[in-house]
Amino acid sequence: MRLHLSIPLTDTQQSRTVLIIFASTLVSVMGVSLISPALPTIQTAWDISASQASLLISAFTLPGVVLTPFVGLIADRVGRKRVLVPSLCLFGVSGIAVVFVDGFTTILGLRVVQGIAGSAIMSLTVTLLGDLFSGAQRSRLIGLNAAILAIGAAGYPLLGGSLALLSWAAPFVCFGLGIVVAIAGSAVLTEPESSETSSGLSYVANAVQAVPLRRAVGLYAAVFGIFLILYGAQLTIIPFVLDESYGLSSGTIGLLLGLPAVTMGMTSSQSSRLIRHLSPQRLITLGFVTYGIGMTLAALTHSIVVLAGALFLFGIGQGFAEPITDTALNTLAPDAFRGGIMSIRTSVLQFGTTVGPPVFVAVASIVGYANTLLIAGIAAFMLGVSAFGFLTLSEGA
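Residues numbered from 1 in each chain as written. Predicted model: local features only at pLDDT ≥ 70, side-chain atom pairs only at ≥ 80, totals over all residues. Heavy atoms only, no water.

## Things to note about the side chain of Thr 372
Put simply, the test is: Secondary structure is summarised from DSSP: a helix means a run of H or I of at least four residues, a strand means a run of E of at least two, and numbering begins at the N terminus for each. We call a residue buried when its accessible area falls under 20% of the maximum for its residue type, exposed when it is over 50%, and partly exposed in between, using a 1.4 Å probe and counting protein chains only. Pairs of N or O atoms are called polar contacts if they sit within 3.5 Å, as long as, within protein, a hydrogen donor faces a hydrogen acceptor (for residues adjacent in sequence, only side-chain-to-side-chain pairs). By definition in these notes, contact holds between two residues if any of their heavy atoms fall within 4.5 Å.
Within the secondary structure, Thr 372 sits in helix α18 (residues 369-396). In this structure Thr 372 comes out as buried when scored by relative accessible area, which is 3%. A polar contact is formed between the side chain of Thr 372 and the backbone nitrogen of Ala 364, at a distance of 3.2 Å. Residues within four places of Thr 372 in sequence aside, it is in contact with Phe 360, Val 363, Ala 364 and Val 367.

Given below as structure tokens:
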């Protein structure tokens, strides 16, 4: 069985390591949010349909659903740095290569490769924080990592949209940041010492024995719900509501969609303090309750001010839930299997981001945008309240 032994780091080494991890997170979130605003420009440049252009997103997200757990297994076998640094480099090279190819099918192939690398990066950044830090420091850094992810998700659409005004290919040049971070990471990152004898089925068997399955499955379900709501409700349905009910421009819609990132970042940065007062499970359920209130308000209001407040609640809910699930999974995972456990988390996350938009749009085609938000809001609220009550009963028994 493999053990990862944290190497003591000096303050300077810690600071540099954290900077590389945070920079890697900013790289990983580029994959979708930087390209989405450029899709109409890409559609026009290549003379393709909107559905064909949207394949640039699906080609990036779908590979991670299936392949990321295997990346985690490899990282547990050969080491985090030995997987993260090549993944960063591959992410950058495959992204920039899009600028130089002359076939849309080739571009889709490069996006598949980039998606595999991006999923590995997203998984291993959180894994490294779990490997190298512990206790309140780990919770604080995972919270800050989630805040940085939210900042990137909010800021990259503005950058990608602006660059697309110059050329459809301009946003893809930004992926070169992955190569820069890879070079810096190869010099800065340390590899936890390890000794591993299990592999294949024996690895899986040892992991099943070492990890409390019920708690892990519950946390994975929470991750799925968080990103189903984020990409289905907040990033897909809300823009249609803002356009249909309020007649806002795309620029104003983009600014409003950035509001949740503000409160998400503020809330997640305080996750280590929140855990002192409430258990991770209670905080996650509270996140879903807040999600529910936000979606219900967004569905029922006719005031743009109230809707903006609902979006702030979205961010608070995500700030409660997302970094806390990452912290809880890191705490749950033994060092020997943390790469595998966190890679499954990323796979579940990618599944939620992939199915969220079509599921919510399918429901909206039947009952309308506002009613879809109302149904989802009530469901999230009831789920959160029920789970909170169950935890209270369980602790009292």
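## A closer look at the layout of surface pockets
So the rule is basically this: The way it works is a 1 Å grid over only the protein atoms, where trapped points that fit a 1.4 Å probe form a cavity and open points with protein on both sides within 12 Å along at least five of seven lines form a pocket, and then any residue with an atom within 4 Å of a point lines it. Grid points are joined across faces, edges and corners, and a volume is the space filled by probe spheres set on the points.
Approximately 740 Å³ is the volume found for the second largest pocket. Lining the second largest pocket are 24 residues; nearest its centre among them are Gly 218, Ala 221, Ala 222, Thr 285 and Ala 387. Breaking the lining of the second largest pocket down by element, the ones donating at least two residues are α11 (213-246), α15 (280-300) and α18.

## As for the environment of Ile 293
When you line up the elements, Ile 293 lands in helix α15. The partly exposed category is assigned to Ile 293, whose relative accessible area is 38%. In the structure, Ile 293 is positioned 84 residues away from Gly 377 in sequence and 6.3 Å away in space, judged by C-alpha atoms. Not counting residues up to four positions away in its chain, the partners in contact with Ile 293 are Leu 313 and Phe 381.

## Some thoughts on the nonpolar core
This is how the line gets drawn: For our purposes a nonpolar core is just a set of buried Ala, Val, Leu, Ile, Met, Phe, Trp, Tyr and Cys residues, chained together by side-chain atoms within 4.5 Å.
Counting 53 residues, the largest nonpolar core has Ile 229, Ala 233, Ile 238, Phe 288, Met 295, Ile 341 and Leu 373 as the members making the most contacts within it. For this core, the elements supplying multiple residues, two or more each, are α6 (104-132), α11, α12 (250-257), α15, α16 (304-332), α17 (338-367) and α18. Here this core gets 15 residues from one element, more than from any other, and that element is α11. When residues no more than four places from it in sequence are discounted, the contact partners of Leu 373 are Ala 233, Ile 237, Ile 238, Val 241, Met 295, Ala 298 and Ala 299. Of all hydrophobic cores here, the second largest spans 52 residues; its members include Val 18, Ile 42, Phe 91 and Leu 128.

## Considering a nonpolar patch on the surface
Put simply, the rule is: Patch members must show over 30% relative accessible area and no salt bridge, and they are joined within 9 Å when carrying like charges or within 5 Å when they are nonpolar side chains of Val, Leu, Ile, Met, Phe, Trp or Tyr. Surface accessibility follows the Shrake-Rupley procedure with a 1.4 Å probe radius. Residue values consider only the protein chains on display as shielding. Note on definitions: salt bridges are taken to be side-chain nitrogens of Lys or Arg within 4 Å of carboxyl oxygens of Asp or Glu.
Judged by side-chain polarity, Ile 293, Leu 297, Val 306, Ile 378, Phe 381, Met 382 and Val 385 come together as a nonpolar surface patch covering roughly 530 Å² of accessible area. Looking at the nonpolar patch, the elements with two or more residues in it are α15 and α18. Of all the elements, α18 adds the most residues to the nonpolar patch, at four residues. Locating Val 306 in the fold gives a position in helix α16. For Val 306, a relative accessible area of 36% puts it in the partly exposed group.

## Thoughts on the packing of α6 against helix α7 (residues 135-164)
Rules: Fitting a line to C-alpha atoms yields each axis, with helices limited to the stretch in contact; the angle taken between N-to-C directions then spans 0 to 180 degrees. Note that the term roughly parallel is reserved for angles under 35 degrees, roughly antiparallel for angles over 145, roughly perpendicular for angles of 65 to 115, and oblique for everything else. Left-handed describes a crossing whose near helix is turned anticlockwise from the far helix by less than a right angle; the clockwise case is right-handed. The residue classification treats Ala, Val, Leu, Ile, Met, Phe, Trp, Tyr, Cys and Pro as nonpolar and Asp, Glu, Lys and Arg as charged. All others, Gly included, are polar.
Contact geometry for α6 and α7: axes closest at 9 Å, N-to-C directions at 165°. It follows from the interaxial angle that α6 and α7 lie roughly antiparallel. Crossing geometry of α6 relative to α7 is assigned as right-handed. Facing α6, whose interface residues are Thr 125, Val 126, Leu 129 and Gly 130, α7 presents Arg 138, Leu 141, Ile 142 and Asn 145. Grouping the amino acids of the contact of α6 with α7 by side-chain chemistry returns four nonpolar, three polar and one charged.

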